[in-house]
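# Coordinate analysis (summary)
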Amino acid sequence: MVLVTAIIKPHALDTVREALSYLGIAGMTISEVKGFGRQRGHTEIYRGAEYRVEYVPKIKVEVLSSAEMADEVVEVVTKAARTGKIGDGKIWVTAVDSVTRIRTGETGPGAI
Amino acid sequence: MVLVTAIIKPHALDTVREALSYLGIAGMTISEVKGFGRQRGHTEIYRGAEYRVEYVPKIKVEVLSSAEMADEVVEVVTKAARTGKIGDGKIWVTAVDSVTRIRTGETGPGAI
Amino acid sequence: MVLVTAIIKPHALDTVREALSYLGIAGMTISEVKGFGRQRGHTEIYRGAEYRVEYVPKIKVEVLSSAEMADEVVEVVTKAARTGKIGDGKIWVTAVDSVTRIRTGETGPGAI
Amino acid sequence: MQHLLVHLQAAAAPSFSDKPYLNTGDNAWQMTAATFVALMSVPGLAVLFGGLVQKKWVVNTMLMTFAGFAAVLIVWVLWAYHMGFGSPLLRGANWKPSSDPITNFFANFIGRPGTTLSSTGEEAQASIPLVNPGMPAFALPAASVVYFQFVFAAITPLLFLGSVLSRIKFKVWVIFVPLWTSLAYTVNAFLLWGGGYWAQQGAGDFSGGYVIHLAAGTTGFVAAAMIGPRIKKDREKALPHSLPLVAIGAGIVWLGWNGFNGGDPYFASANAAAAIINTNMATAAALLTWVLWDVFLGPAKKPTFLGAVNGMVVGLVAITPSAGYVNGAGALLIGAIDSTIVWMAWTYLSRARFMKKVDDAMGVVYTHGIAGFFGGLLLGVFADPTVVEYQSVAGSKISLRGALYGHPKQVLIQLLAALTIIMWDALVTFVILKVISFFTPLRMSDEDCEIGDLAVHGEEGYPETEGVSRILPGYGETIGVPVPSAAPADGSITVGGGA
Amino acid sequence: MQHLLVHLQAAAAPSFSDKPYLNTGDNAWQMTAATFVALMSVPGLAVLFGGLVQKKWVVNTMLMTFAGFAAVLIVWVLWAYHMGFGSPLLRGANWKPSSDPITNFFANFIGRPGTTLSSTGEEAQASIPLVNPGMPAFALPAASVVYFQFVFAAITPLLFLGSVLSRIKFKVWVIFVPLWTSLAYTVNAFLLWGGGYWAQQGAGDFSGGYVIHLAAGTTGFVAAAMIGPRIKKDREKALPHSLPLVAIGAGIVWLGWNGFNGGDPYFASANAAAAIINTNMATAAALLTWVLWDVFLGPAKKPTFLGAVNGMVVGLVAITPSAGYVNGAGALLIGAIDSTIVWMAWTYLSRARFMKKVDDAMGVVYTHGIAGFFGGLLLGVFADPTVVEYQSVAGSKISLRGALYGHPKQVLIQLLAALTIIMWDALVTFVILKVISFFTPLRMSDEDCEIGDLAVHGEEGYPETEGVSRILPGYGETIGVPVPSAAPADGSITVGGGA
Amino acid sequence: MQHLLVHLQAAAAPSFSDKPYLNTGDNAWQMTAATFVALMSVPGLAVLFGGLVQKKWVVNTMLMTFAGFAAVLIVWVLWAYHMGFGSPLLRGANWKPSSDPITNFFANFIGRPGTTLSSTGEEAQASIPLVNPGMPAFALPAASVVYFQFVFAAITPLLFLGSVLSRIKFKVWVIFVPLWTSLAYTVNAFLLWGGGYWAQQGAGDFSGGYVIHLAAGTTGFVAAAMIGPRIKKDREKALPHSLPLVAIGAGIVWLGWNGFNGGDPYFASANAAAAIINTNMATAAALLTWVLWDVFLGPAKKPTFLGAVNGMVVGLVAITPSAGYVNGAGALLIGAIDSTIVWMAWTYLSRARFMKKVDDAMGVVYTHGIAGFFGGLLLGVFADPTVVEYQSVAGSKISLRGALYGHPKQVLIQLLAALTIIMWDALVTFVILKVISFFTPLRMSDEDCEIGDLAVHGEEGYPETEGVSRILPGYGETIGVPVPSAAPADGSITVGGGA
Ligand SMILES: Nc1ncnc2c1ncn2[C@@H]1O[C@H](COP(=O)(O)OP(=O)(O)O)[C@@H](O)[C@H]1O
Ligand SMILES: Nc1ncnc2c1ncn2[C@@H]1O[C@H](COP(=O)(O)OP(=O)(O)O)[C@@H](O)[C@H]1O
Ligand SMILES: Nc1ncnc2c1ncn2[C@@H]1O[C@H](COP(=O)(O)OP(=O)(O)O)[C@@H](O)[C@H]1O
């Protein structure tokens, strides 16, 4: 099994979720992160002084899937999250040794 | 060495922490995440309109451990976090190539 | 390719970022986490009662890099984040099977 | 006799006066009431609306409130006050009522513009030319009345701001408000309060059910229609970002209304006190009524805080036209009835295609427009002639008689006055916005709407939390330094939708 | 003579009056003072308590405050005002004081219910039958006094709300409050302010140290005991969620107290001004005293903001019974002494098993109950007979004499009055809650308590932040759309403990 | 005659009075105005500044505000009021003006200390010895004036608190404030308001452009220089944490100013009303002016909310010295001109090395110091002699004449008075802080500054959010229990910089 991790733009999340559910993947875990990269942050003004905010808010999506589906997941997420503008994000895949569903204790692909 | 990642219900955290400390594991890193899965979100009302919140708040627990202890860690967390109801969460284990303790620079299992 | 994950003290982030950019690494993803470990939390007072906060706020830094650079990245981060006091944090390295840049769809080291 | 004089002396001796017209108690109350009303706008509505919008719009909302408040005052003292409360513009000196109602109407339609800037414009005895003959002489300086009427004029645009939030351009807002005040509000005020046509016909509007709330509802609805809806995302997920902010605003609005309705007799009189308690009674009844409907017919059958606030606002608006004309029983009933009407409209009428098309962000057309409209009609029903505002100059009591007390025609008069306001304000709003739209778009770009405050003002409501510092306390040392003010960040402002 | 008249005319001429009893200055002040006091409740206490509870309870806290405020007004104008300030219920027309104190007591225990709804009930001269013979005639309309007394009646339940927060059922709250107001508060008021038994015995309670604060402390404690504690988690981790909200509430409460104590002479008199400055002096002394104790004996030996707020509240409560009866030195001492007493009780008495068992969420029994109890006794010590409230009708000065000025018995009278309030309010609270509990449980289910606002009201305090949008700005497009109001979410409300 | 008496009776009969000096309308207004001003401090400035600082400093900021407010009152009633408004200290009973200005100056420099604690100190007729001969007798009790002047004395340190936030030690603050009030503020007040030297020379300061705002700007600047800057990180990333808090504070400050400037005639007079409307006009003009400069010359060429608030504050300060001396046109111009001056200074002068060195956290030296300084000079230009404050005892009108009305010397007098204030306050501030610094460091340790509230007060502004509970709702069961108060957490307080 693998874990697919995607860093995406916040507004792409819905499309990504939908796209994944077409693949039959309903489960995922998401979190707020801040990204640094080619895409630049913005400027804010307080009491006449400007401040740079260098990070860019992003969403991290983590999806467990079977190894076979990994490529498909990556492809689907790539398409769903792409705007073509700088800052669209990254996807990476790591191998997972085991997965357990806490509720039942079952392990392996069925636990996903 | 391995990294054990668990997505659990927020209120299970204390039990999990206690259970791990019986195993002699005191260190861990946690973060707030939002989960999507079989467990559904809730409904809120504002000015007469209803809104669905589809995600469910979860806690992600990350524990570095030696490869030998991995199974034990998974087992202990599974037991501690289980309520038997949908949404109890997942645990997955990934291999870790190296671990460093920043303070001392030491690496390997001793750095955990 | 590898993913280097570092748990550091919040105020070390700037130094870490700078240090990495000397290595030519500009991209990274960060998030707020809470750490448990040897370093203890603090006490707060509300209306005469004291409360313990046991966790310590930390920053998690995730950096994708080529496998060759991994050691260098770890070394640089270790140095930049070190204060020598308890709670400086951990760094771990995991293997990554594939990396994709969403914007272009390119994969492999060039996508980082 | 000796005794009487001594008594009088004890009572009155301490007063000093270089202004023989002045009654210090009346003036104390008028200044106080005006201050309470002003607080309803800043910070009241600023945070009531500020709490109800998404976090990304809170700065824009608050800035439009403060700036709108300021902008009205400038035109008010330069020309608008006299257009609402001065001598009629379209009347010769020797004008006599004509047999043609249209002629009469326009002769009593609006006042002659003029400033209030001179020392006498501020310190001389207050006077409203067409009203003076009927009511006791003001015991107040002009400044007290000009300022009191200003806070009313100022809150009206701030109410309809609620309809156009989260997409109207800031520049359009600060241009529209003074124009609307000059052309629409002044007419509303003149017709009903300045002694104009509808006042002469016997229409009642104690504190602005029509002049202010019906006007705000109408204007907001028309403006929302013309400016177009919020962006899809904002409209579909119109989640408030802070209910405690709403509570602060709501509390100040409720009690500020003690000045709103209590200040309108222009005297610290028994009627002022009656207006205050009636206001609170109608509000309490309306709040509880709304909560009850929520519990029995609401989407989740639960009492909700924002429902209670809706009910509260409706109660305040409902009693505004009649606060000093009805007795306590009337006040309770008006609150309960109007709250029921607006609850039903809010729940069922809002499903009508027509209502759905117009994106009235805060529902001003319900809680102010419909509430004010029916509040005015209910005055026609419940006005109790034994509730006396004051003795007129002629010695007779000034009061109104509603349908329940044998004068059903009052309802008709109220209705016609209401229709006049609706038509005039809709027309003026349409024309002003149309004209502005020739020069500049009325709405922000969709990209700006995606981002919100940061795009429009370069500010966020909770900068430290949203910004780097909460997550990165040590960050500032290298990158958080103020950048030279001329250098805009390259590729900057990409947060939010663009991110 | 000529001169005198001219002078008088200059002074008094501007006043108009269709109400010969009216003094505009007094009325202006009474309406203003009432508004200040009302602001203490909404938004004052709503956000003071709202900030002190956890985020998951802020909506519930604020809604109970607004709804409680509204509910009291309804019963107040329908029957309760006259039960507190009307003619005695249990007395014949020709009643004469008997030699039996019990008979006298019950004959002067409570007033006859009646509404204040008619136009004369609002606009006629104010009058409190048993008090009139002694004090100068009110220069106020009834509405001013009814409303002023309402804001006192309304704040009392809102104070003891602090004891039962985070578990009392909303339904129980809105039923309990009107009943308690009708049966307990009216008696408190009648006994001490309506000219009832303890007033006749010479007990003093300038603005409600007993009628309000001791009553709130007692009622809150008994109610908290009967309803049971908050769920374990909430009680053990009773962390406030926003100190700035507390500051807003606290500031409004402090200065609102200028109306609270300054309005009680019923005249805009020298005594009103003295009461105001005394109030602030006692509060300043108590605040600083509490901070000093915190620094020297507190858990962390640090000055704390919530400690300062505690001290402030204690100072305000402490001076309330005596604000217009003591001089400035007395005010400073009362503030410092009572603050010390309550600090000690809060720190040490709270360790007693008995006190630990009852979960008085906000510690109302300390900051209002104990503070009010000792504040009343300290009046018995420090009342300075040269501080004159006003001249009675008979011409003598109305004032109180404390132990320091040769009248130690005053302390005893105060003590007995206090005990009466404690016993009656505890009894009434017990009985009402007992009866209610036959029909419906007094507390929410533990599951609802786990979740908080969302379970009870379907709302959260900071919906956007808590909800999807902060993390997922683009979310609304597909899933955030309002669902048809009839369709409850399946498997819904699983957040929080259940998650 | 008969008629006249009847009329008088109608007007005046209802008043009761055991205090023949009392005018109830004046007193009602004075108490109300004082309450409005007090609200500007708590909660006004507490949350205005609280919102402008980082989250980690909000508790410290609010606690210093509340404690400073309390501390001033204690010294005010014990000795300071009489030093500002009593009989001159350095003058014999038979003193006659000398030909030597220095002698005259010091003979009219400060009053004799004394308490206001007795019953007559509170309830007797108010009186300011050196001022009485010229103005109509106060129709107020002493307590009204003592309290009104207290709220002015109290807000002054709270304004310069803005300069020294986020590093001054709490202990130093609560020692410095009473000393500064006793030695600096009293002199300011005596010189201009207590009938002292500059009042005798004809300098005007209606409500404290010099006594309060110039004083606050000067003191804040000197204190900031002596205490040193905030830690580097805090200064470089001085991000406000909540603009809605700022809005609440700003709104209360704006409208509280109606009491600030409206209360200063000491009578509920026409001049009071004029002062109120002038205040609002100058503020509206200044706010819009600042926003315009922001749009045309600002760093991002955008209208900003905090810019609007800056402009608002400048307008309020600008008009303060002249609110009741200028007409409406003057008010508008003063607002616009002073706002322009301060905008330029804020933008360009702030780049001067000298200004950069001193870390005036909130920019008090600009928005109060410079604004007040020029506001006072503009009074010298625009004072309109036909704007009459009141008739003097001698019968002549009390008013001021500015350069525009033929009296250019007024500008010079204003300038000299301003310089006196600047020099004296700078000197006193320097000396007091120097002396304190011999006993204790003026600033917190850098470690404490890193952490903020938690280190200094053991509290955080948003504890639940910052703490475990938001992330870990179930956490409390095992570890969140209150620890025995004596046991400090080992290795504790390591959050923030140390983390
Ligand atoms: N080396 C990296 N390691 C981890 N995350 C990265 C790395 N580089 C970029 N990211 C993440 O990807 C996001 C997008 O990267 P960016 O360089 O801005 O645009 P793009 O992916 O279009 O080239 C960043 O905001 C950051 O969150
Ligand atoms: N495929 C997945 N990848 C990553 N996280 C998942 C996945 N499926 C579920 N999760 C996480 O596990 C949580 C629980 O899953 P859910 O399906 O609701 O219940 P259960 O684990 O009892 O079957 C989810 O809220 C989500 O955070
Ligand atoms: N076994 C572990 N698994 C995951 N994270 C850990 C583990 N042990 C420590 N950490 C993280 O590292 C941080 C620092 O660890 P700590 O033991 O306090 O100090 P040090 O690293 O100096 O020995 C912790 O706050 C936690 O976030």
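In this text, all values refer to a predicted model and were calculated from it rather than measured experimentally. (Residues numbered from 1 in each chain as written. Chains lettered and ligands numbered in written order. Predicted model: local features only at pLDDT ≥ 70, side-chain atom pairs only at ≥ 80, totals over all residues. Heavy atoms only, no water.)

## So, the overall build of chain A
Across its full length, chain A holds 2 helices and 7 strands. Along chain A, helices (α) and strands (β) appear in the sequence β-α-β-β-β-β-α-β-β when read from the amino end. A globule of 112 residues ought to have a C-alpha radius of gyration of about 13 Å, yet chain A, at 17 Å, is considerably larger. Its C-alpha atoms put chain A at 60 × 30 × 20 Å along the principal axes. Relative to its 112 residues, chain A shows a buried fraction of 62%. Taking the intrachain contacts of chain A between residues at least 6 apart in sequence as the baseline, contacts between residues at least 24 apart amount to 71%. (Helix = DSSP H or I, 4+ residues; strand = E, 2+ residues; numbered from the N terminus. Rg over C-alpha atoms; globule rule 2.2 N^0.38 Å. Buried < 20%, exposed > 50% of the residue type's maximum accessible area, 1.4 Å probe, protein only. Contact = heavy atoms within 4.5 Å.)

## Points about the environment of Met-69 of chain B
Residues and elements named next belong to chain B. Take Met-69: it is sitting in the loop between β5 (56-65) and α2 (70-81). Taking the C-alpha atoms as reference points, Met-69 and Leu-23, separated by 46 residues in sequence, lie 9.1 Å from one another. Beyond its immediate stretch of four places on either side in the chain, Met-69 contacts Leu-23 and Ile-25.

## Section: the pairing of strand β1 (residues 2-8) of chain C
All names here are of chain C. When you tally the buried positions in β1, you get 7 out of 7 residues, the bulk of the element. The two faces of β1 match: Val-2, Val-4, Ala-6 and Ile-8 on one face and Leu-3, Thr-5 and Ile-7 on the other face are all buried. Where β1 lies against strand β5 (residues 56-65), 7 bridges are found, and the strand directions are antiparallel. Residue pairing for β5: Ile-7 is matched across the bridge by Lys-60. Strand direction decides the pairing type here: β1 and strand β6 (residues 90-95), joined by 6 bridges, are antiparallel. By the bridge assignment, Ala-6 is partnered in β6 with Ile-91. (Pairing = 2+ DSSP bridges.)

## A closer look at the pairing of strand β4 (residues 49-53) of chain B
Residues and elements named next belong to chain B. In terms of burial, β4 is largely enclosed, as 4 of its 5 residues are buried. Relative to β4, strand β3 (residues 42-46) is paired through 5 bridges, and the arrangement is antiparallel. Counterpart to Tyr-46 in the pairing with β4 is Ala-49. Following β3, the chain reverses through 2 residues before pairing antiparallel with β4; Arg-47 in that reversal takes a positive phi of roughly 50°.

## Points about helix α2 (residues 24-52) of chain F
Residues and elements named next belong to chain F. Here α2 spans 40 Å end to end across 29 residues, near enough to the 42 Å set by a 1.5 Å rise per residue. If you look at α2, its biggest bend is around 45°, right at Gly-44. Across the 29 residues of α2, 29 count as buried, placing the element largely inside the fold. (Expected span 1.5 Å × (residues − 1). Bend = angle between axes of the 7 residues up to and from the residue.)

## Comments concerning the domain arrangement of chain D
Per the domain assignment, the segments of chain D are domain 1 (24-446) and domain 2 (464-499). Its C-alpha centre places domain 1 of chain D at a distance of 42 Å from the equivalent point of domain 2 of chain D. (Domains from an automatic or database assignment.)

## Details of the site of ligand 2
Taken together, 21 residues form the shell around ligand 2, and within it Thr-29, Leu-64 and Arg-103 of chain A together with Arg-38 and Gly-87 of chain B come nearest. Ligand 2 is flanked by residues contributed from chains A and B. In this structure, an oxygen atom belonging to ligand 2 sits 3.0 Å away from a side-chain N or O atom of Arg-101 of chain A. Within the backbone of Arg-38 of chain B, an N or O atom sits 2.7 Å from an oxygen atom of ligand 2. When ligand 2 is considered free in solution it has 550 Å² of accessible area, and contact with the protein chains removes 98% of it. Among the elements of the structure, β2 (28-36) and β5 (56-65) of chain A together with β2 (28-36) of chain B are those that each provide at least two residues to the shell around ligand 2. Broken down by element, the residue count for the shell around ligand 2 peaks at 3 residues, all from β5 of chain A. (Near = heavy atom within 4 Å. Polar contact = N/O pair within 3.5 Å; in protein donor to acceptor, adjacent residues only side chain to side chain. Areas by Shrake-Rupley, 256 points an atom, 1.4 Å probe, with all protein chains shown as cover.)

## Some points on the packing of helix α13 (residues 305-319) of chain D against helix α14 (residues 328-347) of chain D
All names here are of chain D. Two elements in contact, α13 and α14, have axes whose closest approach is 8 Å; the angle formed by their N-to-C orientations is 125°. Accordingly, the angle class assigned to the pair α13 and α14 is oblique. In this structure, the crossing between α13 and α14 has a hand that is right-handed. Across the interface between the two elements, Asn-310, Gly-311, Val-314, Ala-318 and Ile-319 of α13 pack against Ala-331, Ile-334, Asp-338, Ser-339, Val-342 and Trp-346 of α14. The residue inventory of the contact of α13 with α14, partitioned by class, reads 7 nonpolar, 3 polar and 1 charged. (Axes fitted to C-alpha atoms, helices over the stretch in contact; angles between N-to-C directions. Parallel < 35°, antiparallel > 145°, perpendicular 65-115°, else oblique. Left-handed = near helix turned anticlockwise from the far one by under 90°. Nonpolar A, V, L, I, M, F, W, Y, C, P; charged D, E, K, R; others polar.)

## A closer look at the site of ligand 3
Taken together, the neighbourhood of ligand 3 is formed by 21 residues, with Thr-29, Leu-64 and Arg-103 of chain B together with Arg-38 and Gly-87 of chain C sitting nearest. What surrounds ligand 3 is not a single chain but chains B and C. Gln-39 of chain C places a polar main-chain atom, nitrogen or oxygen, 2.9 Å from an oxygen atom of ligand 3. Gly-87 of chain C places a polar main-chain atom, nitrogen or oxygen, 2.8 Å from an oxygen atom of ligand 3. Contact with the protein chains removes 98% of the 550 Å² of surface that ligand 3 exposes when unbound. The set of elements that each furnish at least two residues to the shell around ligand 3 consists of β2 and β5 of chain B together with β2 (28-36) of chain C. Per-element accounting of the shell around ligand 3 gives the leading share, 3 residues, to β5 of chain B.

## Focus on the nonpolar core
Tyr-266 and Phe-305 of chain D, Tyr-266 and Phe-305 of chain E together with Tyr-266 and Phe-305 of chain F are the most contacted members of the largest nonpolar core, which totals 534 residues. Excluding residues within four positions of it along the chain, Phe-305 of chain D makes contact with Leu-243, Val-246 and Ala-247 of chain D together with Val-59, Met-62, Leu-63, Phe-66 and Glu-459 of chain E. (Core = buried A, V, L, I, M, F, W, Y, C linked by side-chain atoms within 4.5 Å.)

## So, helix α6 (residues 142-164) of chain F
All names here are of chain F. For α6, with 23 residues, the first-to-last C-alpha span of 34 Å sits near the 33 Å given by 1.5 Å per residue. Of all 23 residues in α6, 23 are buried, a share of seventy percent or more. Positioned one or two residues after α6, Ser-166 has a phi angle of 70°, which is positive.

## Examining the pattern of salt bridges
Summed over all chains, the structure comprises 32 salt bridges over all chains. The shortest N-O distance in the salt bridge between Glu-106 of chain A and Arg-101 of chain A comes to 2.8 Å. Looking at Glu-106 of chain A, the relative accessible area reads 32%, which means it is partly exposed. Note that Arg-230 of chain F is salt-bridged to Asp-359 of chain F, the shortest N-O span being 2.8 Å. (Salt bridge = Lys/Arg side-chain N within 4 Å of Asp/Glu carboxyl O.)

## Section: the confidence of the model for chain D
With 89% of its residues at a pLDDT of at least 70, chain D reaches an overall mean of 90. We note a pTM of 0.94 for the whole complex and an ipTM of 0.94 for its interfaces. (pLDDT = per-residue confidence, 0-100.)

## Things to note about a positive patch on the surface
On the surface, a cluster of positive charge is contributed by Arg-351, Arg-353, Lys-356 and Lys-357 of chain D. Assignment of secondary structure puts Lys-357 of chain D in helix α15 (residues 353-357). (Patch = residues over 30% accessible without salt bridge, like charges linked within 9 Å, V, L, I, M, F, W, Y side chains within 5 Å. Lys, Arg positive; Asp, Glu negative; His and termini not counted. Charge placed at Lys NZ, Arg CZ, Asp CG, Glu CD.)

## Structural notes on the packing of aromatic side chains
Residues and elements named next belong to chain D. Scanning the model with the defined rule gives 102 aromatic pairs over all chains in all. Judged by centre distance (6.3 Å) and plane angle (75°), the ring pair of Trp-76 and Phe-85 falls under edge-to-face. Considering the side-chain rings of Trp-180 and Tyr-185, the 6.3 Å spacing of their centres and the 45° angle between planes classify their relative orientation as tilted. Note on accessibility: Trp-180 and Tyr-185 belong to one class, buried. One aromatic cluster in this structure is built from Trp-76, Tyr-81, Phe-85, Phe-160, Trp-173, Phe-176, Trp-180 and Tyr-185. Residue placement shows Lys-55 over the ring face of Tyr-462; its charged tip is 5.2 Å from the ring centre. (Phe/Tyr/Trp six-rings, centres within 6.5 Å; stacked < 30°, edge-to-face > 60°. Lys NZ or Arg CZ within 6 Å of the ring centre and 35° of its normal.)

## Here's the deal with unusual backbone geometry
Following Val-42 of chain D, the chain continues to Pro-43 of chain D via a peptide bond in cis, the omega torsion being 5°. Following the sequence through the fold, Pro-43 of chain D ends up in helix α2 (residues 24-52). Of note in the backbone geometry, Lys-301 of chain D takes a positive phi value of approximately 55° without being a glycine. You can see Lys-301 of chain D is positioned in the loop between α12 (270-297) and α13. Overall, Lys-301 of chain D belongs to the partly exposed group, its relative accessible area being 48%. A positive phi angle, close to 70°, is found at Ser-166 of chain F, a residue other than glycine.

## Regarding the packing of helix α14 (residues 328-347) of chain E against helix α16 (residues 364-382) of chain E
Residues and elements named next belong to chain E. Where α14 meets α16, the closest approach of the two axes is 9 Å, and the angle between their N-to-C directions is 140°. The crossing of α14 and α16 is right-handed. Of α16, the residues touching α14 (which contributes Gly-330, Leu-333, Ile-334, Ile-337, Asp-338, Ile-341, Val-342, Ala-345 and Trp-346) are Tyr-366, Thr-367, Ile-370, Ala-371, Phe-374, Gly-375, Leu-378 and Phe-382. A breakdown of the residues in the contact of α14 with α16 according to their chemical character gives 13 nonpolar, 3 polar and 1 charged.

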